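Chains, contacts and geometry: an overview
Letter by letter, the chains look like this.
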Amino acid sequence: VTDLVLLHGALGDATQLAPLATRLGDGRRVVVIELEGHGATPLRDRPLRIESFADDVIARLDRQGIARADVFGYSMGGYVALYLAATSSARIARVATLATKLAWTPEVAARESAMLDPVVIRTKVPRFAAALEARHTARAGKRCSRTPRSSCTSSALAHALPTRCSRASHSPFGSASVIVTPR
Amino acid sequence: VTLEECVAAVRQLAGGELEVHPRTQHPFEKVSLDRLARSLEEFFA
């Protein structure tokens, strides 16, 4: 049975996926990987990029002796999963994504980036901002020693979003879909 | 995430599959984990 890796979304953390992991653990190893700058995983002195998240996933597979894994990615985690499938096919068996937006234009990217502005988050959805700070400030990264890490992560993530796509359709929070990609 | 963009993406994938979970909002906390788990179990089986 192939091991299964679960990847959370932007501004999420490993605890979000724990209830799903418990539902999937019957007969296979399920590994929840927390991405850099999220939850208790510190930021490092580098930009947040899908590529660097993917490198961290491969490093984790190496550490755990996992030669090949299936990967599920929620939202931004789906980009990491798809990137891994495209660049590390020897290590990735199958990929499933949920709520991973696939149609990007510069306008959509600008709007999504704006939604990650910590000032906007605090102003428009203060309860969400408080929840994020509780989720991400357990161990603040050194670059954010004077700023809640959720703020640093949300700002940095704005640069990790896809910006090139030929399609214009959008409705980022309308519905969720599961897309499963081939071996 | 629109259905149209998902359909377009799946059509570009040899062997790709698409499953729609209707009336599901984006926040993960609002996703039906039982339904999602069933979908993933079936696909990854």
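Placed above this text is the structure.
Read on for a plain summary of the structure. Per-chain numbering applies: the sequence of each chain, read as written, is numbered from 1 onward. Chains and ligands are labelled sequentially in the order written, the chains with letters from A and the ligands with numbers from 1. Reporting in this predicted model follows two pLDDT cut-offs: at least 70 for local features of residues, and 80 or more for side-chain atom pairs to be given and counted; totals over whole chains, interfaces and linings ignore these cut-offs and use all residues. Side-chain metrics rest on all non-hydrogen atoms present in the structure, leaving aside hydrogens and water.

**What about the overall build of chain A?**
Stated precisely, the cut-off is as follows: Each helix corresponds to a stretch of at least 4 residues labelled H or I by DSSP, and each strand to a stretch of at least 2 residues labelled E; elements are numbered beginning at the N terminus. Relative accessible area decides the class of each residue, using a 1.4 Å probe on protein chains only: under 20% of the type maximum gives buried, over 50% gives exposed, and in between gives partly exposed. Should any heavy atoms of two residues lie within 4.5 Å, those residues are considered in contact.
Scanning chain A for helices and strands turns up seven helices and five strands. When the helices and strands of chain A are listed from N to C terminus, the series reads β-α-β-α-β-α-β-α-α-α-α-β. Residues classed as buried in chain A amount to 50% of the 183 residues present. Contacts spanning at least 24 positions in sequence make up 73% of the contacts within chain A whose residues lie at least 6 apart.

**Focus: the overall build of chain B**
In plain terms, the rule: The charge count treats Lys and Arg as positive and Asp and Glu as negative. His and the chain ends do not count. Charged groups are reduced to one reference atom each: NZ for lysine, CZ for arginine, CG for aspartic acid, CD for glutamic acid.
Counting secondary structure elements, chain B contains two helices and one strand. For chain B, the succession of helices and strands along the chain, N to C, is α-β-α. Counting only C-alpha atoms, chain B reaches 30 × 25 × 15 Å along its principal axes. The buried share of chain B, reckoned over its 45 residues, is 42%. Side chains of chain B give 5 positive and 8 negative charges; the mean places of these two sets differ by 7 Å.

**Examining the pattern of salt bridges**
Residues and elements named next belong to chain A. So the rule is basically this: Between Lys or Arg on one side and Asp or Glu on the other, a salt bridge is scored when a side-chain nitrogen of the former is within 4 Å of a carboxyl oxygen of the latter.
In the structure shown here, the tally under the stated rule is twelve salt bridges over all chains. Ionic pairing is found between R44 and D56, a salt bridge with its closest N-O pair at 3.1 Å. Of the two residues, R44 is situated in the loop between β2 (30–33) and α2 (50–63) and D56 in helix α2; the sequence distance between them amounts to twelve residues. Among the ionic contacts, a cluster of salt bridges with common partners joins E36, R44, R46 and D56.

**A short note on unusual backbone geometry**
The phi dihedral of L11 of chain A falls on the positive side, at around 65 degrees, and the residue is not glycine. When you line up the elements, L11 of chain A lands in the loop between β1 (3–7) and α1 (14–24). You can call L11 of chain A buried: its relative accessible area is 5%. One non-glycine residue with positive phi stands out, namely R23 of chain B, at about 55 degrees. On the secondary structure map, R23 of chain B appears in the loop between β1 (17–21) and α2 (33–44). Residue R23 of chain B is classed as exposed on the basis of its relative accessible area of 77%.

**Some details on the packing of α2 of chain A against helix α3 (residues 76–87) of chain A**
Residues and elements named next belong to chain A. Under the convention used in this document: Between the N-to-C directions of two axes lies an angle of 0 to 180 degrees, each axis being a line fitted to C-alpha atoms and, for a helix, fitted only over the stretch in contact. Small angles under 35 degrees read as roughly parallel and large ones over 145 as roughly antiparallel, with 65 to 115 read as roughly perpendicular and the rest as oblique. Each helix crossing is assigned a hand: it is left-handed if the near helix lies turned anticlockwise from the far helix by less than a right angle, otherwise right-handed if that turn is clockwise. Charged residues are taken to be Asp, Glu, Lys and Arg, nonpolar residues to be Ala, Val, Leu, Ile, Met, Phe, Trp, Tyr, Cys and Pro, and polar residues to be all remaining types, Gly included.
Where α2 contacts α3, the axes come no closer than 9 Å and their chain directions differ by 70 degrees. Taken as axis vectors, α2 and α3 run roughly perpendicular relative to one another. Our pair here, α2 against α3, has a crossing hand that is right-handed. For the pair α2 and α3, contact is made by I50, E51, F53, A54, V57 and I58 and by M76, Y79, V80, Y83 and L84, respectively. In terms of residue class, the contact of α2 with α3 is made up of ten nonpolar, no polar and one charged.

**A closer look at a nonpolar patch on the surface**
All names here are of chain B. Where we set the bar: Any residue with relative accessible area above 30% and no salt bridge may belong to a patch, with like charges joined within 9 Å and the nonpolar Val, Leu, Ile, Met, Phe, Trp and Tyr side chains within 5 Å. Working definition of accessibility: Shrake-Rupley area with a 1.4 Å probe, residue cover restricted to the visible protein chains.
Where nonpolar side chains cluster on the molecular surface, the patch consists of L3, L18 and V20 and spans about 220 Å² of accessible area. Among the secondary structure elements, V20 is positioned in strand β1. Overall, the relative accessible area of 42% leaves V20 in the partly exposed class.

**With respect to the side chain of D70 of chain A**
Selection rule: Counting of polar contacts relies on pairs of N or O atoms within 3.5 Å, with two restrictions inside protein: one atom must be capable of donating a hydrogen and the other of accepting it, and residues adjacent in sequence are counted only when both atoms are side-chain atoms.
Examined against the element boundaries, D70 of chain A turns out to sit in strand β3 (residues 69–74). With a relative accessible area of 0%, D70 of chain A lands in the buried category. Separated by 3.0 Å, the side chains of D70 of chain A and R94 of chain A make a polar contact. Setting aside residues no more than four positions away along its own chain, D70 of chain A makes contact with T2, D3, L4, V5, R28, A93 and R94 of chain A together with F44 of chain B.

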